[in-house]
Amino acid sequence: MTLARPHKLLLPFFIIMGLFFVLPLGLGLIYSFLKAAPYGGVIWEFSWEGYKRFFFVPDLSGVPVFDTGYLEIIFSSVKLAVITTILCVFIGFPTAWYMATRPPKQRDLWIVLVTIPFWTNLLIRTYAWILILRNDGLANTILGKAGLIDAPLQLLYNEFAVTLGLVYSYLPFMILPIYATLERMDWRLIEASEDLYANKARTLWHIILPLCLPGILAGSVLVFIPAIGSFLAADMLGGSKQMMLGNLIERQFFSSRNWPFGAAISVVVMGTVLFGLMLIAKRGQGIKDALR
Amino acid sequence: MNTGTNHHMPGFGMAAFLGIVFLYLPILAVLVFSFNTGRLVTVWEGFGFSAYADAFHNADLRRAAVNSMIVATGATISSTLLALMAAVAMHRGQMGRLQKQTAYTLMTLPLLVPEVVIAVTTMAFFGIIGLRLGLGNVLIAHIVFCIPFAYAPIRARLGTIPRSMHEAATDLYADPWRAFRHVTLPLLMPGITSGALLAFITSLDDFIITQMVAPPGAATLPVQIYNMVKKGIKPEINAAASLLLALSVAIVLLSYYLNRRSTR
Amino acid sequence: MSDCLVIESVTKTFAHTDAPVKAVDDLSLNIRENEFFTLLGPSGCGKTTLLRLIAGLEKTSTGRILLSGDDITSLPPNRRPVNTVFQNYALFPHMTVAENIGFGLKMLGRPDTEIATAVTDALKTIRLEQLGTRKPGELSGGQQQRVALARALVNRPRVLLLDESLSALDYKLRKDMQIELKRLQRETGVTFVFVTHDQDEALSMSDRIAVMHKGRIAQLGTPQEIYHQPASRFVADFIGICNFVNGGIFGLSETQDVGFRPEDAQLNNRTHKDGDLQAHGRLTHITYHGATTHFQITLSSGEKVTLAPHTAPDLTPDSEITFSVPADRLIRCAP
């Protein structure tokens, strides 16, 4: 039996989401086209200054000068997100493979093992790397005790640490979709390939990877999107020099007090995300299956 | 047999092992060091609970913990209820394509929009409408992003209940509400519980949205920990972090256990 | 016998597919009190939809449904004194067998003592007295079916609807349940409306049958009428095997086809009587079916017929055959 009038049930949901999710996003969009007020907030006058700031930053005398600073931040955010995604594939694929080739009863255990970090607090997991990477942290202590180094290595507050943090945060998002695809795979194709004289490497390259492509792509989407908008990794592990788009946005709403610019960056990030998702929608069913 | 069992790839086993170690190393590091009695958290001095004692004596941490619990509980109850209603409406309701599409989009969008963007826009919005409910601001923001997490398990479970169940109930003289209450709801319980647990964890774990939306005094545990970390790492921070971690792990395990029991 | 259920020009259109589908097309039907009535037809003919319309699980697009004179068309299922036995039984897995059976009475607000007695009696009737505290998941298919039946009958409905309820059972169990159902109907006096695609089942159990095709009734009648006097080729072909040949084969008018059932034919003039019609052909195939043997004959016109006479003589393929059919067994119907 179907509900003849589901609208009453959906109404609270629509109201809450409309009011406290859609409206704020719309407000953000509007803010990106307004003027910045001196101490934060906006002046309700139309202006392109939010978007212009990506390219033109006022110098000391207040004159807007072409500056690549923000573009560099965009570039390095994308770069880090891409590197993160690639590293996640390299670590995630073998892990997912291993999981999928365990006996069925064991597989449930592995899924739980991989999923637990996914649900624990991201802040704490990121903070944990500080404990490991800092000068008197776990890594340096072990390396020192093992006699491998004389002085502590600078492992924290650099791009290395941020990348590590990003990979760590989103690795489960890569493992699970690949695992899902592998689970559904027809393993007899591998046997057929080996029967036809392909060794393991060639089987991997010619048969397995293409079949797993939907899962890999799904995982890449699930890693890239949050990585692009990431805040915590760069903030806690990157020190003051490493900045990603997420940090940039946050800064505009606090210390820099340039809300329209912050809104503009948000729009750009959202645009990238939506663009990526549209690509997925075109690519279609295989990825959607893996995402489930 | 068309399963992957016994297909080996050289080196993949080692990679998987390293992968799992990688995933758990930080978590274990936090937990282990929380029992360190030394002031410099990562320099081991001895085993003890001094860090936990410091944490319990810290008024800010205590208040933050209470706030976290209040918000998480409130957000869980509200978002699970809303998600339940939405799931029943979307799965069993007759509605036009536009309405269905809108509902699905609204349900998935919070998962796709970067958290930072949600955080700043919500903060700006609260500012503009002058919403000053203290912890209530945090609660409202949490309800919004918890709904999709509560929704997924409920929707999945709903899909496993054949329509004939509800039909049989109405055929046996139950009006739609009683049919729901006596037949559908009990069968839905495992999904609702799962959804509630997920919502709880999600609310508990949130940082950036809470950070931007919470007025002074309304800090939750993650926010409080973050602020303290900025000033320097101290043992009580580590202890609080461990507790939060342990709570998350416990809830996930509980969720799995309940799931397996219900499918038996 | 008075009319229990009247279906008046009912149409049901399903609009939410690409092309709207008329599952039930301007159908009218009177079902009597105390009757074992069967809706028979191939899948997609609309029989299940019609059943659900009677139950109230679907709404009519046009038309009315009357129960003992009362218009129930706009009543929701929980307000109709009609109960359904679902194809997959739809037993509530989280309730015990006793709770399942008592559910309807509980919804009707009957006192607990009355419910307890009714449930105990019901369990006795279906011979599952010991299983009241079990959950449906612990029962076999046949037991679940009986519980579903009891859950419906315990409410003493005016009409009991059965939606292909026996299709999930194996052969022997099915045969047993057919007898059981027939007995229950006669004892309780409840009108049964039974949906099936199995013509054997329909013929053996029903007082009357409505053969359905594409949302309409192809023929309504007793099993004997349906079998021996089919109203159309569709009905004749759907029920059992029917041979159709040009009338000229029997020396009748060549402008019309006539039909006959394989078992009505006699081979090689065994008991030829005056008035029987004769035809000739060549034996091409013999198939042994245990209780019967089928002989396939090719006629001079090229048409093929199947004969299943009561006595099966020893014949060799390719021999010339003469067979005859009593005139009153010939079937003349719409194409």
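The rules behind these values
- Residues numbered from 1 in each chain as written.
- Chains lettered and ligands numbered in written order.
- Predicted model: local features only at pLDDT ≥ 70, side-chain atom pairs only at ≥ 80, totals over all residues.
- Heavy atoms only, no water.
- Helix = DSSP H or I, 4+ residues; strand = E, 2+ residues; numbered from the N terminus.
- Buried < 20%, exposed > 50% of the residue type's maximum accessible area, 1.4 Å probe, protein only.
- Contact = heavy atoms within 4.5 Å.
- Areas by Shrake-Rupley, 256 points an atom, 1.4 Å probe, with all protein chains shown as cover.
- 1 Å grid on protein atoms, 1.4 Å probe; cavity = no way out; pocket = protein on both sides within 12 Å on 5 of 7 lines; lining within 4 Å.
- Points joined across faces, edges and corners; volume = space filled by probe spheres on them.
- Buried area = accessible area lost by both parts, 1.4 Å probe.
- Salt bridge = Lys/Arg side-chain N within 4 Å of Asp/Glu carboxyl O.
- Polar contact = N/O pair within 3.5 Å; in protein donor to acceptor, adjacent residues only side chain to side chain.
- Nonpolar A, V, L, I, M, F, W, Y, C, P; charged D, E, K, R; others polar.
- Core = buried A, V, L, I, M, F, W, Y, C linked by side-chain atoms within 4.5 Å.
- pLDDT = per-residue confidence, 0-100.
- Pairing = 2+ DSSP bridges.
- Phe/Tyr/Trp six-rings, centres within 6.5 Å; stacked < 30°, edge-to-face > 60°.
- Lys NZ or Arg CZ within 6 Å of the ring centre and 35° of its normal.
- Axes fitted to C-alpha atoms, helices over the stretch in contact; angles between N-to-C directions.
- Parallel < 35°, antiparallel > 145°, perpendicular 65-115°, else oblique.
- Left-handed = near helix turned anticlockwise from the far one by under 90°.

**Q** Just checking my understanding: could you explain the overall build of chain C for this structure?
**A** Secondary structure summary: chain C contains 8 helices and 17 strands in total. Along the first, second and third principal axes, the C-alpha atoms of chain C reach 75 × 45 × 40 Å. Out of the 335 residues belonging to chain C, those deemed buried represent 51%. Residue pairs in contact within chain C that sit at least 24 positions apart in sequence constitute 65% of those at least 6 positions apart. By element, 48% of the accessible surface of chain C is carried by carbon and sulfur atoms, the whole surface being about 15600 Å².

**Q** Help me out: how do you make sense of the side chain of Thr96(C) in this one?
**A** Checked against the element boundaries, Thr96(C) lands in the loop between β6 (82–85) and α2 (97–107). Not counting residues up to four positions away in its chain, the partners in contact with Thr96(C) are Gly132(C), Thr133(C), Arg134(C) and Lys135(C).

**Q** How should I be thinking about empty space enclosed by the protein in this particular structure?
**A** It is the rolling of a water-molecule-sized probe over the atoms that shows where space remains empty. Going through the model one piece at a time under the given rule, you end up with 2 cavities of 30 Å³ or more. Each pocket or cavity is described by its volume, and for the largest cavity that value is around 40 Å³. Taken together, Pro24(A), Leu27(A), Gly28(A), Tyr31(A), Phe253(A), Ala263(A), Val120(B), Thr121(B) and Ala124(B) make up the lining of the largest cavity. Of all the secondary-structure elements, those providing two or more residues to the lining of the largest cavity are α1 (7–31) of chain A together with α5 (115–129) of chain B. Top element by residues in the lining of the largest cavity is α1(A). It accounts for 4 residues.

**Q** Explanation requested: the interface of chain A and chain B in the structure shown.
**A** By a widespread convention, an interface's size corresponds to the accessible area lost as its parts come together. Chain A puts 91 residues into the contact, and the matching count from chain B is 92 residues. Summed over both sides, the interface between chain A and chain B buries roughly 8400 Å², with carbon and sulfur atoms accounting for 79% of that surface. Run the count over chain A and chain B and you get 1 salt bridge. The closest approach of N and O atoms between Asp235(A) and Lys230(B), which form a salt bridge, is 3.1 Å. Across the contact surface, chain A and chain B share 6 residue pairs in polar contact (both at pLDDT 80 or more). Top contributing element to the side of chain A that touches chain B by residue count: α1(A), with 18 residues. Residue composition of the side of chain A that touches chain B, by class: 68 nonpolar, 12 polar and 11 charged.

**Q** Looking at this structure, how should I read the nonpolar core?
**A** One recurring pattern in soluble globular proteins: nonpolar side chains tend to sit buried together. Counting residues in each nonpolar core, the largest one holds 208 residues, and the members touching the most others are Tyr127(A) and Ile225(B). Looking at this core, the element that brings in the most residues is helix α7 (residues 159–184) of chain A, giving 13 residues. For Tyr127(A), the contacting residues outside a window of four places in its chain are Met236(A), Val30(B), Val229(B), Ile233(B), Ile237(B), Asn238(B) and Ala241(B). Listed in part, the 33 residues of the second largest apolar core include Ile126(C), Leu131(C), Ala152(C) and Leu166(C).

**Q** Which parts of the structure should I look at to understand the confidence of the model for chain C?
**A** In low-pLDDT regions, the fine details of the predicted coordinates are not to be read closely. Looking at chain C, pLDDT values average 88 and 97% of them are 70 or higher. Reported for the predicted complex are a pTM of 0.84 and an ipTM of 0.83.

**Q** Help me understand the arrangement of the chains in this model?
**A** With 2 pairs of chains in contact, the largest contact count belongs to chains A and B. Separated in space, chain A and chain C share no contact, their closest pair of C-alpha atoms being 6 Å apart.

**Q** Before we go on, may I ask you to explain the sheet that holds strand β15 (residues 293–299) of chain C in this structure?
**A** Where strands meet in a sheet, backbone hydrogen bonds hold them as pairs that are either parallel or antiparallel. Residue and element names in this part refer to chain C. Ordered by their spatial adjacency, 5 strands build an open sheet running β13-β17-β14-β15-β16, and the pairing between neighbours is antiparallel. Lying at the two open borders of the sheet, with one neighbouring strand each, are β13 (266–267) and β16 (304–307). When β15 meets β16, the two strands line up antiparallel, connected through 4 bridges. Following the sheet pairing, Thr-298 is matched in β16 by Lys-304.

**Q** Explanation requested: the interface of chain C and chain B in the structure shown.
**A** Facing the 26 residues of chain C at the interface are 16 residues of chain B. Looking only at chain C, the three residues that lose the most surface to chain B are Asn78(C), His94(C) and Met107(C), adding up to 31% of its buried area. Our enumeration of links across chain C and chain B arrives at 1 salt bridge. Residue Arg52(C) is joined to Glu167(B) by a salt bridge in which the shortest nitrogen-to-oxygen separation is 2.7 Å. Inspection of the region where chain C meets chain B yields 8 residue pairs in polar contact (both at pLDDT 80 or more). For the side of chain C that touches chain B, the secondary-structure elements that each account for two or more residues are α1 (47–55), β6 and α2 of chain C. Split by residue class, the side of chain C that touches chain B holds 15 nonpolar, 7 polar and 4 charged.

**Q** Is there a simple way to explain the packing of aromatic side chains in this structure?
**A** Here the distance between the centres and the angle between the planes together describe a pair of aromatic rings. Tallied over the entire structure, the rule returns 36 aromatic pairs over all chains. Taking 5.5 Å as the distance between ring centres and 85° as the angle between the ring planes, the aromatic pair formed by Tyr168(A) and Phe22(B) counts as edge-to-face. Separated into two different chains, Tyr168(A) in helix α7 and Phe22(B) in helix α1 (residues 12–33) make up a pair that spans both. Assigned by exposure class, Tyr168(A) and Phe22(B) land together as buried. Taken together, the aromatic side chains of Phe118(A), Trp119(A), Tyr170(A), Phe173(A) and Phe149(B) make up a single cluster linked through ring pairs. It is Arg53(A) that lies over the ring of Phe261(A); its NZ or CZ is 5.7 Å from the centre. The cationic tip of Arg102(A) hangs over the ring face of Tyr98(A); the distance from NZ or CZ to the ring centre is 3.9 Å.

**Q** Is there a simple way to think about the packing of helix α4 (residues 97–112) of chain B against helix α6 (residues 135–159) of chain B in this case?
**A** The relative placement of two packed helices is expressed as an angle between their axes plus a distance between the axes. All names here are of chain B. Contact geometry of α4 with α6 gives a least axis separation of 8 Å together with a crossing angle of 120°. Accordingly, the angle class assigned to the pair α4 and α6 is oblique. Viewed along their axes, α4 and α6 form a crossing whose handedness is left-handed. For the pair α4 and α6, the contacting residues are Tyr-104, Met-107, Pro-110 and Leu-111 in the first and Ile-147, Pro-148, Phe-149, Tyr-151 and Arg-155 in the second.

**Q** Is there a simple way to explain the pattern of salt bridges in this structure?
**A** Any two side chains of opposite charge can pair, given that their charged atoms come close. Residue and element names in this part refer to chain C. Under the counting rule described, the total for this entry stands at 26 salt bridges over all chains. Ionic pairing is found between Asp-257 and Arg-233, a salt bridge with its closest N-O pair at 3.6 Å. Residue Asp-257 is located in strand β12 (residues 257–260), and its partner Arg-233 is located in helix α8 (residues 233–238); the two are separated by 24 residues in the primary sequence. The class for Asp-257 is partly exposed, based on a relative accessible area of 37%. Among the charged side chains, a network of salt bridges with common partners joins Arg-127, Glu-180, Arg-183 and Glu-187.

**Q** Looking at this structure, how should I read the pairing of strand β17 (residues 320–326) of chain C?
**A** Remark: a regular strand shows side chains that alternate across the two faces of the sheet. Residues and elements named next belong to chain C. Most of β17 is tucked away: 5 of the 7 residues are buried. Pairing of β13 with β17, which is carried by 2 bridges, proceeds in the antiparallel orientation. Counterpart to Gln-266 in the pairing with β17 is Ser-324. Pairing of strand β14 (residues 276–288) with β17 involves 7 bridges; the strand directions are antiparallel.

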